[in-house]
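# Residue-level structural notes
Each chain is listed here by its residues.
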Amino acid sequence: MNLFDILGPVMVGPSSSHTAGAVRIGLITRKLLGAVPVKAEIGMYGSFLATGKGHGTDRAIVAGLLGMQPDDMRIPRSFELADEAGLQFGFTEAKLKGAHPNTAVLKVLGDNEREMTIRACSLGGGRIMINELDGIEVNCTGEMPTIVVNHRDEPGRVAEVTTMLSMLSINIATMSVYRDKRGGRAVMVVELDQGIESDTLKFLESLKGILKVTYINMGE
């Protein structure tokens, strides 16, 4: 346990789970999208749905989509600022079974026409978990520099990525591989001990069978 675990995050309240965590869900969605969100359909589940309005969860998620951090004093004004920025958004009930009670499902469209659906939950203390990305289970926190590699489920794809990272002396902290079906779409979630350069991402994207590479670094 460290000091952060005891005191919690520096944030605009009232709740580390329903406010700070919700901001991080919106922010990591923006980073995964790799673009400025212009449209968002936000599904709320469990406690987020039942008590989120009183905790400002709705405003917090929109604030994150606008690029705000949990300590940004503009969070209570996020709806107004979203209108000014041209972000269209709406809220619905997420129809889920057995999900974490602090869960949101975001369907977003970027100004580059890229679309993405992300399901994430707030674990408390401002920490979050990404549970699903475009229909594929991923389960990562985004607390470390992370690359999310969408690829075809073919022999050799994982080895190519790990070999390239090794050649660049980039150490892998954790790695998980998920797929929707054999021979279908697959996702590698690779958490790293250090950040990586944009040239490395471009090289990864050029590898055979790689469909998309997304980089998450919440410290940037």
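As annotated in an unreviewed UniProt entry, the protein carries the name L-serine deaminase and comes from Candidatus Limivivens merdigallinarum. For the record of the protein, the UniProt heading Pathway (unreviewed entry) holds the text "Carbohydrate biosynthesis; gluconeogenesis." One UniProt comment on the protein, placed under Catalytic activity (unreviewed entry), says "L-serine = pyruvate + NH4(+)".

## Some points on the sheet that holds strand 6 (residues 136–140)
Strand order in this open sheet of six strands is 2-1-3-4-5-6, and the pairing throughout is mixed. The strands lining the two open edges of the sheet, one partner per strand, are strand 2 (88–93) and strand 6. Each adjacent strand pair in this sheet contributes to an overall mean axis angle of 20°, direction not counted. When strand 1 (residues 37–45) meets strand 3 (residues 102–110), the two strands line up antiparallel, connected through eight bridges.

## So, the UniProt feature "domain: ACT" (unreviewed entry) in the protein
The UniProt entry lists residues 146–218 under the feature "domain: ACT" (unreviewed entry), expressed in the numbering used here. From the first C-alpha to the last, residues 146–218 spans 9 Å; its make-up is 27% helix and 41% strand.

## Comments concerning the nonpolar core
Leu32, Ile42, Ile61, Leu65, Leu106, Ile118 and Ile130 are the most contacted members of the largest nonpolar core, which totals 41 residues. With seven residues, the single largest contributor to this core is helix 2 (residues 16–33). With residues up to four places along the chain from it excluded, the contact list for isoleucine 42 reads Ile61, Val62, Leu65, Gly90, Phe91, Thr92, Val105 and Leu106. Core analysis: the next-biggest nonpolar cluster, separate from the first, contains 16 residues, Met188, Ile196, Val213 and Tyr215 among them.

Rules used throughout
Residues numbered from 1 in each chain as written. Predicted model: local features only at pLDDT ≥ 70, side-chain atom pairs only at ≥ 80, totals over all residues. Heavy atoms only, no water. UniProt positions renumbered as here; feature names shortened; annotations may be inferred. Pairing = 2+ DSSP bridges. Helix = DSSP H or I, 4+ residues; strand = E, 2+ residues; numbered from the N terminus. Axes fitted to C-alpha atoms, helices over the stretch in contact; angles between N-to-C directions. Core = buried A, V, L, I, M, F, W, Y, C linked by side-chain atoms within 4.5 Å. Buried < 20%, exposed > 50% of the residue type's maximum accessible area, 1.4 Å probe, protein only. Contact = heavy atoms within 4.5 Å.

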